[in-house]
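Spelled out, the chains give:
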Amino acid sequence: MRAAFDTFGPLLPGLLANPAHEEEDAAVSPRPLRTVFISDLHLGTPGCQALALLEFLKAHPCDNLYLVGDIVDGWQLRRRWYWPQAHNDVVQKLLRSARKGCRVVYVPGNHDEFARQFGGHQFGGIEVEQEAVHVTADGRSLWIIHGDHFDGVIQCAKWLAYLGDNLYEFTLKLNRHLNSLRARMGLPYWSLSAYLKGKVKTALNYVTDFEVAVANEARRRGHHGVVCGHIHRAEMRDIDGVLYCNDGDWVESRSALVEHFDGRLELVYWQPVQHGTAQPQQLETV
Ligand SMILES: [Mn+2]
């Protein structure tokens, strides 16, 4: 609790101040969405694209808003305090959405793990959960997690890959002996090392490992799909019958996952335009 206050305490004056953009919001009436999923905002770091995010949030009113972790970067804030007005505006926009009837669910990540201890509680109408389940309008069950817990699994896979690499050196020698033996027996050349090299390369592919590990766990838990963040790589695709969705981030890609009222899911990349009216670029739909 104490650590949480140390992180949140300095934010309180800003959180309690008068919201600056209340009237602006009322003036905008864009097409609403059933659900918006965003993650990896990294508020409290210079990399956070808070102004673009504010534009995006104003242009996408919704019934459900999932904050899929790494919303506030507690790690960076502890090292160096960085909290400009735009970051305050984002927090206030989120609180205001909750106040106006949007269901806001906050699933903390590793950079805001201080919030995990508040699982099951609310603050300012925002529900904090370690993980969540969202049922789409067309009845699909989506498991919502940040995704950092899968680092362990992937670290383990990396160790296996490392061992595999040493093993590969060994198999090069083995391969020579094996093939001289095969030649003496009149058998054609067969590359054991090439075969294993392919395996090791696959093991080193972090992104793919992450995606597959998350999708597998979602399947094991009986969900139709999973929504996560963490690796800052927006993606939506089927992995062996499970819909893997990664809503990306607001440091580089400015991406979000949205659900329309018919349950259709869409990955959007926010492209701020000079003239003040920004349009999301549609990428793909599942
Ligand atoms: Mn993360």
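Residues numbered from 1 in each chain as written. Predicted model: local features only at pLDDT ≥ 70, side-chain atom pairs only at ≥ 80, totals over all residues.

**Structural notes on the overall build of the protein chain**
Scanning the protein chain from N- to C-terminus turns up nine helices and 13 strands. With 286 residues in all, the protein chain has 32% of them scored as buried. Within the protein chain, contacts between residues separated by at least 24 positions form 67% of all contacts whose residues are at least 6 apart in sequence. (Helix = DSSP H or I, 4+ residues; strand = E, 2+ residues; numbered from the N terminus. Buried ≥ 20, exposed ≤ 12 C-beta atoms within 10 Å, placed from the backbone. Contact = placed C-beta atoms within 7 Å.)

**Brief notes about the pairing of strand 11 (residues 255–259)**
Counting buried positions along strand 11 gives four out of five residues, so the element sits mostly inside the fold. Sheet analysis places strand 1 (residues 33–38) next to strand 11, joined by three bridges and oriented antiparallel. Bridge pairing in strand 11 links V36 to V258. Hairpin connection of strand 11 to strand 12 (residues 265–271): five residues between the antiparallel strands, including G263 at a positive phi of 95 degrees. (Pairing = 2+ DSSP bridges.)

**As for helix 9 (residues 206–220)**
Given a rise of 1.5 Å per residue, 15 residues ought to cover 21 Å, and the 21 Å separating the end C-alpha atoms of helix 9 matches this to within 8%. The set of residues buried in helix 9 consists of F210, E211, A213, V214, A215 and A218. Phi for G222, located one or two positions after helix 9, is positive at around 85 degrees. (Expected span 1.5 Å × (residues − 1).)

**Re the sheet that holds strand 10 (residues 242–246)**
Taken together, the five strands give an open sheet; going across it, the order is 6-7-8-10-9, and neighbouring strands pair in mixed fashion. Both outer strands of the open sheet, strand 6 (132–135) and strand 9 (235–239), are each paired with one neighbouring strand and no more. Direction aside, the axes of adjacent strands within the sheet are offset by 20 degrees on average. The pairing of strand 8 (residues 225–228) with strand 10 spans four bridges and is classified as parallel. Its bridge partner being in strand 10, C228 is matched across the sheet by N246. Each of strand 7 (141–144), strand 8, strand 9 and strand 10 is contacted by helix 9, which is oriented at about 130 degrees to strand 10, the strand it contacts most. (Axes fitted to C-alpha atoms, helices over the stretch in contact; angles between N-to-C directions.)

**Brief notes about the environment of F114**
Tracing the backbone shows F114 in the loop between strand 3 (103–106) and strand 4 (122–123). The exposure class of F114 is buried, given the 20 C-beta atoms found within 10 Å. The sequence separation of F114 and W75 amounts to 39 residues, and the corresponding C-alpha distance is 9.7 Å.

**Digging into the nonpolar core**
The biggest cluster of nonpolar side chains holds 53 residues, and the ones touching the most others in it are L67, V68, V214, V226 and V227. Of the residues forming this core, the biggest block, five residues, is contributed by helix 9. (Core = buried A, V, L, I, M, F, W, Y, C linked by C-beta atoms within 7 Å.)

**Topic: helix 4 (residues 50–59)**
The α-helix winds at 3.6 residues per turn, so residues separated by three or four positions along the chain end up facing the same way. By the burial criterion, the buried members of helix 4 are A50, L53, F56 and L57. The buried residues of helix 4 occupy one face: seen down the axis, they fall within an arc of 115 degrees. Its buried side turned inward, helix 4 meets helix 6 (85–99), strand 11 and strand 12. (Arc of directions from axis to C-beta.)

**Overview of the pairing of strand 3**
Of the two faces of strand 3, the one holding V104 and Y106 is buried and the one holding R103 and V105 is not buried anywhere. The pairing of strand 2 (residues 62–67) with strand 3 spans four bridges and is parallel. Each residue of the ladder has a partner; that of Y66, found in strand 3, is V105. Across three bridges, the pairing between strand 3 and strand 5 (residues 126–128) is parallel.

**Re the packing of helix 4 against helix 6**
In a pair of packed helices, the angle between the axes and the distance between the axes together describe the arrangement. Here helix 4 crosses helix 6 at 25 degrees, and the two axes come no closer than 9 Å. Comparing their axes, helix 6 and helix 4 come out roughly parallel. Helix 4 and helix 6 meet at a crossing whose hand is left-handed. Together, A50, L51, L53, L54 and L57 of helix 4 and A86, H87, D89, V90 and K93 of helix 6 make up the contact between the two elements. When grouped by side-chain class, the residues that make up the contact of helix 4 with helix 6 number seven nonpolar, one polar and two charged. (Parallel < 35°, antiparallel > 145°, perpendicular 65-115°, else oblique. Left-handed = near helix turned anticlockwise from the far one by under 90°. Nonpolar A, V, L, I, M, F, W, Y, C, P; charged D, E, K, R; others polar.)

**Things to note about the confidence of the model for the protein chain**
Per-residue confidence for the protein chain averages 83 on the pLDDT scale, and 73% of its residues sit at or above 70. Note on residues 16–24: pLDDT under 50 across the span, and six contacts to partners over four residues away in sequence or across chains. Overall, residues 275–286 carries pLDDT values under 50, and its contacts beyond four positions in sequence, including any with other chains, amount to 26 contacts. (pLDDT = per-residue confidence, 0-100.)

**Some points on the environment of D148**
In this structure, D148 sits in the loop between strand 7 and helix 7 (150–184). Judged by local crowding, D148 falls into the partly exposed class, with 18 C-beta atoms found within 10 Å. Note: C-alpha distance between D148 and H111 (37 residues apart in sequence) is 9.5 Å.

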